[in-house]
Amino acid sequence: MSIRILGIESSCDETAAAVVIDGREILSSVVASQIDIHGKYGGVVPELASREHLRRIVPVVREALEQANLSLRDVDAIAVTQGPGLVGSLLVGITFGKTLAESLGKPLVPVNHLEGHVHAVFLEAHKSAIAPALPAVCLIVSGGHTVLYEIQFKDGQSVDAGSLWSYRKIGQTRDDAAGEAYDKVSKLLGLGYPGGPILDRLAAAAGNVPAPVKFAATKMRGNTYDFSFSGLKTAVLYHLRENPDYLPEIQARESAIARGERQFDQLLPLCGAKTLGLVREFQNAVVRDLVERTLRAAEGIGVPTVLVSGGVAANRQLRASFEERALSAGLKVYFPSPALSTDNAAMIAAAAYPRFANKIFADISLNASASLPIE
Ligand code: KG4
Ligand code: ZN
């Protein structure tokens with residue numbers, strides 16, 4: 001019998017709902033982004049985020065059911081993100097999910113947002129000839145997290161979509177997440193929020209313009225599978241301070257963003273060669289660091305499979321670099337499609353399936369957890 005799970009995600013600035021069959025087949029996936037609201041503040045404003053989740057959650061869930069051609073009664077379980085994330089935002093999804101589950105008499109499945117990102121890699125796997133296998137090293141790289149896990153099947157669990165996994169953390173950022181570095185550098189350059197998508201495209205447009213600055217690789221003491229991105233962000237800040245000729249351009253872009261002109265085609269003409277070179281060098285440094293440490297971890301642990309997920313995994317240079325380097329290292333690397341790399345609810349419904357199969361349910365006392373550890 002097929003199990004249909006309605007997933008709800010509201011941990012940050014995306015209100016999302018999706019229906020997924022047996023943890024693998026997406027019937028619908030609806031994501032309402034709040035970028036227009038937070039964009040002008042240069043980052044997510046928690047109070048505005050929870051208010052917007054409240055406004056959007058009912059229409060988003062309704063649309064997910066309509067696209068799946070199902071009614072609430074047809075759903076076998078409700079899955080909600082329990083954490084980590086912004087508590088006020090999480091609570092909207094959790095309260096809504098609890099109410100639905102209670103009133104329909106359906107099980108409520110609590111899901112860790114990070115485990116959702118890992119499952120996003122497997123979601124489309126049934127369509128591909130070579131599906132990823134465990135054990136694997138997984139890099140979750142987003143606006144809130146940059147963390148490396150070794151993932152195995154839990155004792156007694158086997159290779160199927162309903163099996164539970166165990167996670168061993170092998171490295172993490174000691175300061176900013178990679179996506180946070182993108183967002184902060186974007187703000188410094190007057191390019192708005194979120195920074196990743198626009199810097200990704202500007203770096204690609206930079207071509208061979210001369211590099212105005214070079215960023216050294218970050219050296220880590222202690223655990224060399226850890227990451228650090230605040231030094232790079234500070235290096236960009238100092239470079240901008242030492243070169244006041246960037247300022248008129250930055251101000252022109254800030255004015256464009258304030259007018260709502262934040263598309264790539266609108267911002268590219270406001271970026272001189274020096275800015276494009278700086279963006280390319282910043283991205284080179286982030287990508288080099290993420291790829292090197294992740295592949296070194298996989299080789300060090302002796303695991304042939306690498307999974308990369310989270311918002312920054314949508315980055316085209318990161319994907320290309322991982323693929324090229326993994327090939328020469330004899331490793332296999334897998335990503336979700338770009339749309340499933342960033343926050344969505346299909347990944348929450350997918351991660352809920354093994355929990356449903358193993359009857360891991362929550363009751364009405366379920367609460368949000370800002371820093372929920374992955375189990
Ligand atoms: O996974 P996500 O949607 O939300 C969190 O759980 O944080 O990730 C959002 C982050 C933001 O920091 C955004 O700037 C970054 O992912 N991002 C990217 C790209 N698309 C989104 N970073 C680099 N390149 C991209 N193409
Ligand atoms: Zn996320």
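Below: a short report on this structure. The structure presented is a predicted model; accordingly, all values stated were derived computationally and were not measured.

1. Overview of the sheet that holds strand 9 (residues 305-309)
Taken in spatial order, the five strands line up as 8-7-6-9-10 in an open sheet, and their pairing is mixed. Looking at strand neighbours, the two that pair on one side only are strand 8 (165-172) and strand 10 (332-334), the edges of this open sheet. Sheet twist, expressed as the average angle between the axes of neighbouring strands with direction ignored, equals 25 degrees. Pairing analysis gives three bridges linking strand 9 to strand 10, with the strands arranged parallel. Across the sheet, Thr 305 pairs through a bridge with Lys 332, a residue of strand 10. Helix 4 (residues 113-123) contacts strand 6 (136-141), strand 7 (146-153), strand 8, strand 9 and strand 10 of the sheet and is inclined by roughly 115 degrees relative to strand 9.

2. Re the site of ligand 1
What surrounds ligand 1 is a group of 20 residues, the closest being Gly 143, Asp 183, Gly 196, Asp 200 and Asp 343. Measuring from an oxygen atom of ligand 1, one finds a side-chain N or O atom of Ser 142 at 3.4 Å. Between ligand 1 and the protein, one listed contact pairs an oxygen atom with a backbone N or O atom of Gly 311 at 3.0 Å. Relative to its free-state accessible area of 560 Å², ligand 1 is covered by the protein chains to the extent of 90%. Put simply, the parts of the chain that give the shell around ligand 1 at least two residues each are helix 4, helix 5 (178-188) and helix 6 (195-205). Examining the composition of the shell around ligand 1, we find that four residues originate from one element, helix 6, more than from any other. For the shell around ligand 1, a count of residues per class yields five nonpolar, 12 polar and three charged. Both of domain 1 (4-172 + 337-357) and domain 2 (178-303) provide at least three residues apiece to the shell around ligand 1.

3. Details of the pairing of strand 3 (residues 25-33)
Examined bridge by bridge, strand 2 (residues 14-21) and strand 3 share eight bridges and lie antiparallel to one another. Looking at strand 3, one finds that Glu 14 is bridged to Ser 33.

4. Some remarks on the packing of aromatic side chains
Given two aromatic rings, one states the distance between the centres and the angle between the planes to describe the pair. Per the stated rule, a full pass over the model turns up six aromatic pairs. Between Phe 122 and Trp 165, the ring centres sit 4.8 Å apart and the planes meet at 50 degrees, which makes this aromatic pair tilted. Taken as a pair, Phe 122 in helix 4 and Trp 165 in strand 8 lie far apart in primary sequence, 43 residues in all. The pair Phe 122 / Trp 165 is uniform in exposure class, with both members buried. Its guanidinium or amino end placed over the ring of Tyr 246, Lys 274 lies 4.9 Å from that ring's centre, counting from NZ or CZ.

5. Structural notes on the state of the cysteines
This structure, assessed with the given rule, holds zero disulfides. Cysteine Cys 12 remains unbridged, with the sulfur of Cys 138 as its closest cysteine sulfur at 19 Å.

Cut-offs used in this document
- Residues numbered from 1 in each chain as written.
- Chains lettered and ligands numbered in written order.
- Predicted model: local features only at pLDDT ≥ 70, side-chain atom pairs only at ≥ 80, totals over all residues.
- Heavy atoms only, no water.
- Pairing = 2+ DSSP bridges.
- Helix = DSSP H or I, 4+ residues; strand = E, 2+ residues; numbered from the N terminus.
- Axes fitted to C-alpha atoms, helices over the stretch in contact; angles between N-to-C directions.
- Contact = heavy atoms within 4.5 Å.
- Near = heavy atom within 4 Å.
- Polar contact = N/O pair within 3.5 Å; in protein donor to acceptor, adjacent residues only side chain to side chain.
- Areas by Shrake-Rupley, 256 points an atom, 1.4 Å probe, with all protein chains shown as cover.
- Nonpolar A, V, L, I, M, F, W, Y, C, P; charged D, E, K, R; others polar.
- Domains from an automatic or database assignment.
- Phe/Tyr/Trp six-rings, centres within 6.5 Å; stacked < 30°, edge-to-face > 60°.
- Buried < 20%, exposed > 50% of the residue type's maximum accessible area, 1.4 Å probe, protein only.
- Lys NZ or Arg CZ within 6 Å of the ring centre and 35° of its normal.
- Disulfide = S-S within 2.5 Å.

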